[in-house]
Amino acid sequence: MSGNSKARQGSGAAPPEAAPQAATNPAPQATNSMWGGRFDAAPDGLMTAINASVGFDCRLYAEDIAASKAHADMLVAQGIIPAADGAKIQAGLDSIREEIEHGRFEFKSELEDIHMNIEARLGELIGGAAGRLHTARSRNDQVATDFRLWVRGALQRSDAEMRDLQAALIARAEDNAATVMPGFTHLQSAQPVTFGHHLLAYVEMLGRDRGRVTDCLRRLGECPLGAGALAGTSFPIDREASATALGFDRPCANSIDAVSDRDFALEALSLAAIVATHLSRLAEELVIWSSAQFAFIRLSDGFSTGSSMMPQKRNPDAAELVRAKSGRITGALVALLTVMKGLALSYAKDMQEDKEPLFDAFDSLSICLRATAGMIGDLEVDKAAMAGAAGHGHATATELADWLVRELDMPFRDAHRVTGRVVRRADELSCRLDELSLEELQAVEPRIIAAALEVLNPLNAVASRSSYGGTAPSQVRAQVVRARERFL
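Below: a short report on this structure. These figures come from a predicted structure and were not determined experimentally. (Residues numbered from 1 in each chain as written. Predicted model: local features only at pLDDT ≥ 70, side-chain atom pairs only at ≥ 80, totals over all residues. Heavy atoms only, no water.)

Re the packing of aromatic side chains
Okay, so step 1: Throughout the structure, instances matching the rule amount to 7 aromatic pairs.
Okay, so step 2: Feature note: the residues Phe147, Trp150, Phe264 and Phe359 constitute an aromatic cluster, connected by ring pairs.
Okay, so step 3: Just above the ring of Phe359 sits the side chain of Arg59; from NZ or CZ to the centre is 4.9 Å.
Okay, so step 4: For Arg157, the ring lying beneath its charged end belongs to Trp150, and the centroid distance is 5.7 Å. (Phe/Tyr/Trp six-rings, centres within 6.5 Å; stacked < 30°, edge-to-face > 60°. Lys NZ or Arg CZ within 6 Å of the ring centre and 35° of its normal.)

Laid out in structure tokens, this is it:
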């Protein structure tokens, strides 16, 4: 990585530039000073290329420094290293963080990863005291801890972004509590609903998604630090202190499990894939609704693009990209599942492949959540177009069947058949159900009276659906109140 590259991953900002790629056959490197005591020769250039991960795990710099500071404090408190060395380590780590955040840190691929890059630089800054930091610690428990910390932060950021999207949806739903539109099944006109009711469905989906975040964070609350390579350590460490210092609930109970599983990452990717699927469904509807054939909504200029050839085009590219990125996020989950499926306990280098899919997935999820909130926040609703389409496809047929049950005491299956014949008559006359005369209705069922005409009106049909959670405007407004209380 170049010396002037920016690196601010600890705050969730964009990643720094990747470390320079190793050449196909680079000049031989010296034996790695961090682990080279066992080796006489330098690794092959291709080994350096396949082994180095600093190009992407540099995003863990803030977590690595935080975990190292907590570990050093614990070592001092337990009398394992001298307090003077601990103070030097703390000051050196603070300096390294400042160097990284101001673009002055040189990342070296021959040092493999962010952990060894930081440790090597610490040695340059404070000398021999730096060598004490890795006492009672392995890179196995170090990286597992750093990764858990990063995933925790990513989940918390995603939760906040989901909340912002819920807020946008709830506000838009409140404005459209009585805006009548077609409700669909199989993308065929089914029953009239309100636009507010439709949007609140996504609020509920996101609420469950946020519940999954809470569940994942609870299981994520165990700290691997102190597990060592796999067997723990003979030093008198205080794992409870390290866990508490880093905001975990407790240490991992089994040192092998602590370093060998990535189920926390798999769970995070699983919930990310579910969220992305929900966003993709909403994005699909935004694409459909904004088409000239529907014209229910108009996306703002800020979330639309034009055509290089066709001057009239307004393309819903933001929605289309949200829809597409669901595949990318689901692919990350499948990739990590595949990496983990055949690994014997405990640690294997395969697990280095856990980070890039997860980093990419949460970067993608973040921009999708923010873009969707933006689209919802400033779209224009054509209420007249929605209302005009609400009765298409004989959408109030169910209301007539229900009326026959209530008023004529007709079994529902009989009422269903009668209504089907009425629908067929409307088709023959090429009209909507609410355009049929009383005489046409009575020709099918003589006991139908004028009151039945009222239920065929989409506005009346919507108002009648007043059961809990239903689409009646009164219920939608009540749902808005409850949603604000539960989620915002």
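Read on, since the account is not over.
A short note on a nonpolar patch on the surface
Okay, so step 1: Together, Leu230, Ile256 and Leu345 line one region of the surface with nonpolar side chains, adding up to about 280 Å² of accessible area.
Okay, so step 2: For Ile256, the location among the structural elements is in helix H9 (residues 255-260). (Patch = residues over 30% accessible without salt bridge, like charges linked within 9 Å, V, L, I, M, F, W, Y side chains within 5 Å. Areas by Shrake-Rupley, 256 points an atom, 1.4 Å probe, with all protein chains shown as cover. Salt bridge = Lys/Arg side-chain N within 4 Å of Asp/Glu carboxyl O. Helix = DSSP H or I, 4+ residues; strand = E, 2+ residues; numbered from the N terminus.)

Observations regarding the packing of helix H3 (residues 61-77) against helix H5 (residues 114-126)
Okay, so step 1: Axis separation between H3 and H5 bottoms out at 10 Å; the angle between their running directions is 60°. By the angle between their axes, H3 is oblique relative to H5. Like other packed secondary-structure pairs, H3 and H5 cross with a definite hand, here right-handed. Only Ile114, His115 and Ile118 of H5 make contact with H3, whose side of the interface consists of Tyr61, Asp64 and Ile65. (Axes fitted to C-alpha atoms, helices over the stretch in contact; angles between N-to-C directions. Parallel < 35°, antiparallel > 145°, perpendicular 65-115°, else oblique. Left-handed = near helix turned anticlockwise from the far one by under 90°. Contact = heavy atoms within 4.5 Å.)

Thoughts on unusual backbone geometry
Okay, so step 1: Here Leu345 and Ser346 are connected by a cis peptide whose omega angle stands at 10°.
Okay, so step 2: Tracing the backbone through its elements, the reader meets Ser346 in the loop between helix H11 (317-340) and helix H12 (355-378).
Okay, so step 3: Positive phi outside glycine occurs at Ser430, with the angle close to 55°.
Okay, so step 4: Assessed through its relative accessible area of 68%, Ser430 is described here as exposed. (Buried < 20%, exposed > 50% of the residue type's maximum accessible area, 1.4 Å probe, protein only.)

Considering the packing of H3 against helix H6 (residues 139-175)
The relative placement of two packed helices is expressed as an angle between their axes plus a distance between the axes.
Okay, so step 1: Packing of H3 against H6 brings their axes to within 9 Å, and their N-to-C directions diverge by 120°. Of the possible angle classes, the one that applies to H3 and H6 is oblique. The handedness of the crossing between H3 and H6 comes out as right-handed. Touching Glu63, Asp64, Ala67 and Ser68 of H3 are Gln142, Thr145, Asp146, Leu149 and Trp150, all from H6.
Okay, so step 2: Here the contact of H3 with H6 is built from residues that sort into 3 nonpolar, 3 polar and 3 charged. (Nonpolar A, V, L, I, M, F, W, Y, C, P; charged D, E, K, R; others polar.)

Quick notes on the state of the cysteines
Okay, so step 1: Under the criterion given, the structure shown has 0 disulfides.
Okay, so step 2: The thiol sulfur of Cys252 is not disulfide-bonded, and the nearest other cysteine sulfur, from Cys223, lies at 6.7 Å.
Okay, so step 3: Its relative accessible area of 2% is what places Cys252 among the buried residues.
Okay, so step 4: Free cysteine Cys368: the closest other cysteine sulfur is in Cys216, separated by 19 Å. (Disulfide = S-S within 2.5 Å.)

Examining the side chain of Ser326
Okay, so step 1: Examined against the element boundaries, Ser326 turns out to sit in helix H11.
Okay, so step 2: Excluding residues that lie within four positions of it along the chain, Ser326 makes contacts with Ala276, Thr277 and Ser280.

What about the side chain of Thr145?
Okay, so step 1: With respect to the element layout, Thr145 can be found in helix H6.
Okay, so step 2: There is a polar contact of 2.7 Å between the side chain of Thr145 and the backbone oxygen of Asp141.
Okay, so step 3: Look past the residues within four positions of Thr145 in its chain and what remains in contact with it is Ala67, Cys223, Pro224, Leu225, Leu246 and Phe248. (Polar contact = N/O pair within 3.5 Å; in protein donor to acceptor, adjacent residues only side chain to side chain.)

Topic: helix H15 (residues 412-429)
Okay, so step 1: Compared with the 26 Å implied by 1.5 Å per residue over 18 residues, the 26 Å span of H15 between its first and last C-alpha is a close match.
Okay, so step 2: Turning to H15, its buried residues are Ala415, Val418, Thr419, Val422, Val423 and Ala426. Taken around the axis of H15, the buried residues stretch over an arc of 145°, which confines them to a single face. Exposed side of H15, more than 90 degrees from the buried face: Arg413, Arg417, Arg424 and Glu428 are the residues found there.
Okay, so step 3: In this fold, the buried residues of H15 make contact with helix H14 (397-408) and helix H16 (438-444).
Okay, so step 4: After H15 finishes, the residue Ser430 shows a positive phi value of roughly 55°. (Expected span 1.5 Å × (residues − 1). Arc of directions from axis to C-beta.)

A short note on the nonpolar core
Okay, so step 1: Counting residues in hydrophobic clusters, the biggest one holds 97 residues, and the most contacted among them are Val151, Leu155, Leu169, Leu286, Ile297, Leu358 and Phe362.
Okay, so step 2: Once residues within four sequence positions are removed from consideration, Val151 is found in contact with Leu220, Phe264, Ala268 and Leu358.
Okay, so step 3: Within the second largest apolar cluster, 22 residues are counted, among which are Leu400, Ala401, Val444 and Val455. (Core = buried A, V, L, I, M, F, W, Y, C linked by side-chain atoms within 4.5 Å.)

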